[in-house]
Amino acid sequence: SCCRTGDLLSVRVSGGSYAGGAHPSRCDSGYLFDLRSGQFIDPTQIADKPEEFRTGAAALLLEKAEALEEYQPGYWSDYADIIARWNEGTVLFDEEGMLAVYSPYLLGPYAMGEVELRLGYDELAELIGPGGLERLGVEMPS
């Protein structure tokens, strides 16, 4: 699937395979293409201050993950470290905000399934900055 927000294309590729085990292997991949530069970019590159965006979004995503009580007992012990590297995984931007997608086995066992964590632009505005919001075509209410 694909979504355009401002000067950015977010592409989500979902796939899977079955090799005879108990269940198929599923995964999602995300790609962000900057129409201005004509290149694929890391999600943090949309922000005015990329490192502040990376660390701030990591903290917010961790809060979202911990609020999902149905997943709490099943997370791997290093789930917080995996979430902290959110920008290395499947990250998409759409009209609602940013979506981080964790395929089965990334944060916990297969039975947990895919975990999607969403941050709205109201939560991201300060982290992305005015230049980043402009690149995304997002206008925040005054």
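Since this is a predicted model, take the numbers as computed values, not measurements. (Residues numbered from 1 in each chain as written. Predicted model: local features only at pLDDT ≥ 70, side-chain atom pairs only at ≥ 80, totals over all residues. Heavy atoms only, no water.)

Peer 1: Can you tell me about the nonpolar core, naming the residues and giving the values?
Peer 2: Counting 33 residues, the largest nonpolar core has Phe53, Leu61, Trp86, Phe93, Met98 and Tyr102 as the members making the most contacts within it. Those elements that place two or more of their residues in this core are α1 (50-67), α2 (79-84), β5 (90-93), β6 (97-102), β7 (115-120) and α3 (121-135). Top contributing element to this core by residue count: α1, with six residues. Those residues in contact with Phe53 that sit more than four places away from it in its chain are Pro43, Thr44, Ile46, Ala47, Trp86, Phe93, Met98, Leu124, Leu127 and Ile128. (Core = buried A, V, L, I, M, F, W, Y, C linked by side-chain atoms within 4.5 Å. Buried < 20%, exposed > 50% of the residue type's maximum accessible area, 1.4 Å probe, protein only. Helix = DSSP H or I, 4+ residues; strand = E, 2+ residues; numbered from the N terminus. Contact = heavy atoms within 4.5 Å.)

Peer 1: Before we move on, can you summarise the pattern of salt bridges with the specific residues and values?
Peer 2: By the definition in use, this model includes 10 salt bridges. Residue Arg85 is joined to Glu88 by a salt bridge in which the shortest nitrogen-to-oxygen separation is 3.6 Å. Put simply, Arg12, Asp28, Glu114 and Glu116 are held in one network by salt bridges that share partners. (Salt bridge = Lys/Arg side-chain N within 4 Å of Asp/Glu carboxyl O.)

Peer 1: Please give an account of the side chain of Thr5 that cites residues and values.
Peer 2: Position of Thr5 among the secondary structure elements: in strand β1 (residues 2-5). With residues near it in sequence (within four places) discarded, Thr5 still touches Phe93, Asp94, Glu95, Tyr121, Arg135 and Leu136.

Peer 1: Tell me about α3, residues and numbers included.
Peer 2: The end-to-end C-alpha separation of α3 is 13 Å, well short of the 21 Å expected for 15 residues at 1.5 Å each. Of all the bends in α3, the greatest reaches close to 110 degrees and is centred on Gly129; the proline Pro130 follows between one and four positions later. For α3, the set of buried residues is Tyr121, Leu124, Ala125, Ile128, Gly129, Gly132, Leu133 and Arg135. Two residues or fewer past α3, Gly137 is found with a positive phi of approximately 70 degrees. (Expected span 1.5 Å × (residues − 1). Bend = angle between axes of the 7 residues up to and from the residue.)

Peer 1: Give me the lowdown on the sheet that holds strand β4 (residues 39-41), citing residues and values where you can.
Peer 2: The antiparallel open sheet is built from four strands, whose spatial order is β1-β2-β3-β4. Of all strands in the sheet, those bounded by a partner on one side alone are β1 and β4. Across the sheet, the mean angle from the axis of one strand to that of its neighbour is 30 degrees, orientation sign disregarded. In this structure, β1 lies alongside strand β2 (residues 8-17), joined through four bridges in antiparallel fashion. Bridged to Cys3 within β2 is Ser10. (Pairing = 2+ DSSP bridges. Axes fitted to C-alpha atoms, helices over the stretch in contact; angles between N-to-C directions.)

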